Amino acid sequence: MTYDFLAAEGIVRVMTMAWTSITGGDRMPSDTVQHEVEEIDLLVCGAGAGGMTAALVAALEGLRVVLCEKTDLVGGTTSTSGGTTWVPGTHLSELAGVPDKVEDARVFLESVVANRPGVELREAFLASGRKAIEELDRRTDVKFVAASAHPDYIDGPGSAYGGRALSPLTFDGRLLGRRDFSRIRAPRREFMGLGGMMVGRNELDAMLSPFRSSSNLRTAAAIVGRYVVDRVSYRRGTRLLMGNALVARLLYSLRKAKVSVKFQTAVKELVVHDGRVVGAVLEGPSGSRRILTRKGVVLATGGIGWNQLIRERLFPAGTRECSLGPTTNTGDGAKLAMAVGARFDGGGDSPALWMPCSSYRRADGSLAVWPHIILDRAKPGLLAVNSAGRRFVNESASYHDFAMGQIREGDIPSHLICDFAFIRRYGIGMILPGARNLAAMLKAGYAIEASSLIELAGKIGCDAEALTKTVETYNQSAATGVDEAFGRGASVVNRFNGDPAVEPNPCLGLIGTGPYYAMEVRPFDLASSAGCGFHKVRDKDFSKSRTPISESPGQRFH
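Residues numbered from 1 in each chain as written. Predicted model: local features only at pLDDT ≥ 70, side-chain atom pairs only at ≥ 80, totals over all residues. Heavy atoms only, no water.

(A) Highlighting the overall build of the protein. Along the backbone of the protein there are 18 helices and 22 strands. Every one of the 558 residues in the protein was classed for burial, and the buried ones make up 55%. Considering only intrachain contacts with a sequence separation of at least 6, the fraction spanning at least 24 residues in the protein is 73%. Surface summary for the protein: the accessible area is close to 23,700 Å², and the carbon and sulfur share equals 52%. (Helix = DSSP H or I, 4+ residues; strand = E, 2+ residues; numbered from the N terminus. Buried < 20%, exposed > 50% of the residue type's maximum accessible area, 1.4 Å probe, protein only. Contact = heavy atoms within 4.5 Å. Areas by Shrake-Rupley, 256 points an atom, 1.4 Å probe, with all protein chains shown as cover.)

Laid out in C-alpha cells, this is it:
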C-alpha cells in the first residue's frame, strides 16, 4: 500500500518472496567437507523485513537460527519504504474501530486476481495473516497500527476503506545502542529533512507551515528539537518512522531473542545431498564456512534487484536502468535457487511492481529520486502526457497502475504537467508547496518552465497543438467533474488522495494561465514479481527437476 508498503515491502509479502527448502533428515557427511562446519536448525539468508521476521519467529519457537546478511546493514528496500503491510482481518483493525473480515478480503482478491495462478499461496496468506500479526504483537517489539482510512487501490466486491493497511509504530532508535543503530539502512536522502530528520505524512503540514497554528508550532518544535539533540551524538535522527521503524523494531527483537546475525556474510552456494538442500556455504570476514541445517534454508534476498542479466531479459525498455532497491540487491537468492534446479517464474502480468519517479543529478554526482505516490498525482490541476502530448492514463491511479500505463504505451519517459498555482498549493515531486525551492530545482534541471503551452511543448519535445488540445479537453472535464477519457476521480482511492476542498471532483481542477511546468517521470521497480516459482518443497526432489530458468521456452538466464 503506497510507498508505505513498500513496500513493503510489508512483512507478509516479503516473506512470500522467500524461497525455502525443508530438509528431510539426510546430511552431507562432514568428513567430505573442506570448510569449517556448523550445524543449526535454520539458516536465513538476507536481513530485510522478510528474512528478519523468519529468523525471529524461528527463534521464538526454540530453533537455533543464523541470519546472514551480505552487507553491513539490515533492512534492504524496506528501510527506505513506508513499511506499511497489507494484512486483512487482523485484531488491529478491530482496535482501530474498522473491523475487517478475512472472507471479505478473499472475495476482494478473487475479484482482482481473477483466474491468475497462486490460489494456494493466497489462501495461505489469508489463513495465516491474523495469526502472524497477533504473534508479533504479543511476543515481540514489532508493533503495528491499523489505518482507519486507507482504501484498497481497486474498487470491487470485498474492498475496504480502512483496517487492512498496517503501519509500524514510531521507534526510538536510541534503544538499539549506537552500534546497532548504525546498522539500520538510512531512508533515502530525499525523504529526510535537515540532512537526517524523518517526518511522517501527517506531520508535513506542521513542518511546512509551523506558524499557521499553535498546534503546528508545537509539533514542529518537538520534531526539530528532538532532532537537534540527536545530532549531538548520532549521524542522523533517532526518531524512526515507517520502514525504518519496522526494520529497527525487528533488529531490536532479534537482539532480545539472541539470534546470531552475521554481517558481511554472503551465501556462495547451497549444499545439496540426495536431491535436497541441507545447508549452504557462507563467505564472510573470517573465511568460508559450511552451515548444515536440520530444518531448512530460507532465501530472503530481495528478488531480482539489480541483476542485469535478468533485467535485460524481462524488464521493458526504459526501465532496466532504474530501481528503488539497494544496489547491493543483485538477485542472489534467485541465482542460488536456479543453480540447484529451481523453476523461474516470469511474474505474470509484470516482472516487477513499479513506481513513477522523477530524478536529477546532485552536484556530487549522486541521483536524487522521488517516487510520485500520493502527494501530487491525484491532486486537481495536474495531468500526464506522453511524447505525443496526449494523456494516456488516469493520473490518480495507484503508482503501479500509472507506471503500467507508461509501459503499455511503450513511451518512457512521460511528463507531468501543471501550472504555477498547482505548485504553490501542492508542490510537485521534490518541489515543495509554496514553490520555495522552485528556482533551485529549475536550475538543477529537475523541472522545466515555460510561459506558454506552445513553448513547453517545444522544451519537452511533443506536438504543441496536441498538448494545447489535451489541456483544453482536460479543463472541460475539470469544469464538469467527469473524466470521460480515463475515469479520474471515480474510484474511492482516487478521491481519498485528491483534494476534498475541490468540487465536484477532488481529482480534477483547471490548469490556468502560465507559467507552466513539466516534470519527467519514468517507472522504477520497487520490488520483484518475477523470481523463483513456488511449490511444495517438502515433496520436491530438485535433482530430478532441472527446469530451465526462462520466461519463455528456450530462454535461459546464464
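(B) Local environment of the nonpolar core. Membership of the largest hydrophobic core comes to 42 residues, with the highest contact counts inside it found for Val44, Met52, Val65, Leu67, Val74 and Leu176. Within the residue set of this core, elements represented by two or more residues are strand 2 (36–45), helix 3 (49–60), strand 3 (65–68), helix 6 (119–139), strand 5 (144–146) and helix 10 (242–256). With 8 residues, the top contributor of residues to this core is helix 10. Those residues in contact with Val44 that sit more than four places away from it in its chain are Gly51, Ala54, Ala55, Val65, Val66, Leu67, Cys68 and Val298. Residues Leu43, Leu270, Ile310 and Leu336 belong to the second largest nonpolar core, which totals 32 residues. (Core = buried A, V, L, I, M, F, W, Y, C linked by side-chain atoms within 4.5 Å.)

(C) Focus on the sheet that holds strand 5. If you trace the 3 strands from one edge of the open sheet to the other, you get 4-6-5, paired in antiparallel fashion. Two strands in the sheet have a free side with no partner beyond their single neighbour: strand 4 (85–86) and strand 5. Strand direction decides the pairing type here: strand 5 and strand 6 (residues 165–168), joined by 3 bridges, are antiparallel. If you follow Phe144 over to strand 6, its bridge partner there is Pro168. (Pairing = 2+ DSSP bridges.)

(D) Seen up close, the environment of Glu190. The topology assignment puts Glu190 in the loop between helix 7 (177–181) and strand 8 (192–193). According to the relative accessible area criterion, Glu190 is buried, its value standing at 14%. Each C-alpha atom of the pair Glu190 and Val369 lies 7.0 Å from the other, and the pair is 179 residues apart in sequence. In this structure, Glu190 is in contact with Arg362, Leu367, Ala368, Val369, Trp370 and Met430, ignoring residues within four places of it in sequence. Within the structure, Glu190 has its side chain in polar contact with the backbone nitrogen of Val369 (distance 2.4 Å). (Polar contact = N/O pair within 3.5 Å; in protein donor to acceptor, adjacent residues only side chain to side chain.)

(E) Up close: the pattern of salt bridges. A full pass over the atoms with the stated rule returns 35 salt bridges. Here Asp172 and Arg174 are joined by a salt bridge, their closest N and O atoms 2.9 Å apart. Salt-bridge contacts for Glu203 lead to Arg239; the nearest nitrogen and oxygen are separated by 2.2 Å. With Glu203 in the loop between strand 9 (197–198) and helix 8 (204–208) and Arg239 in strand 10 (residues 239–240), the pair connects residues that are 36 residues apart, well separated along the chain. Neither Glu203 nor Arg239 differs from the other in exposure class; each is buried. (Salt bridge = Lys/Arg side-chain N within 4 Å of Asp/Glu carboxyl O.)

(F) Quick peek at helix 13 (residues 399–409). Looking only at helix 13, the buried set comprises Tyr399, Phe402, Ala403, Met404, Gly405, Gln406 and Ile407. Remark: Gly410 follows helix 13 within two positions and exhibits a positive phi of approximately 65 degrees.

(G) Representation of the side chain of Arg236 in the model. For Arg236, the location among the structural elements is in the loop between helix 9 (214–233) and strand 10. Buried and without a salt bridge, Arg236 has Asp230 as its closest oppositely charged side chain, separated by 8.9 Å. At a separation of 3.5 Å, a polar atom in the side chain of Arg236 contacts the main-chain carbonyl oxygen of Ile184. A distance of 2.8 Å separates polar atoms of two side chains, one belonging to Arg236 and the other to Asn244. If we ignore the near neighbours within four places in the chain, the residues touching Arg236 are Phe181, Ile184, Arg185, Ala186, Pro187, Gly196, Tyr227, Asp230, Arg231 and Asn244. (Lys, Arg positive; Asp, Glu negative; His and termini not counted.)

(H) A look at the pairing of strand 19 (residues 414–419). Where burial is concerned, most of strand 19 is hidden: 6 out of the 6 residues are buried. Residues of strand 19 alternate between two faces, with Ser414, Leu416 and Cys418 on one and His415, Ile417 and Asp419 on the opposite face, all of them buried. Across 3 bridges, the pairing between strand 18 (residues 383–385) and strand 19 is antiparallel. The residue bridging Ala384 from the neighbouring strand is Leu416, located in strand 19. Direction of pairing for strand 19 relative to strand 21 (residues 516–528): antiparallel, over a ladder of 6 bridges. The partner of Cys418 across the bridge, within strand 21, is Tyr517.

Read these as geometric descriptors, not functional statements.
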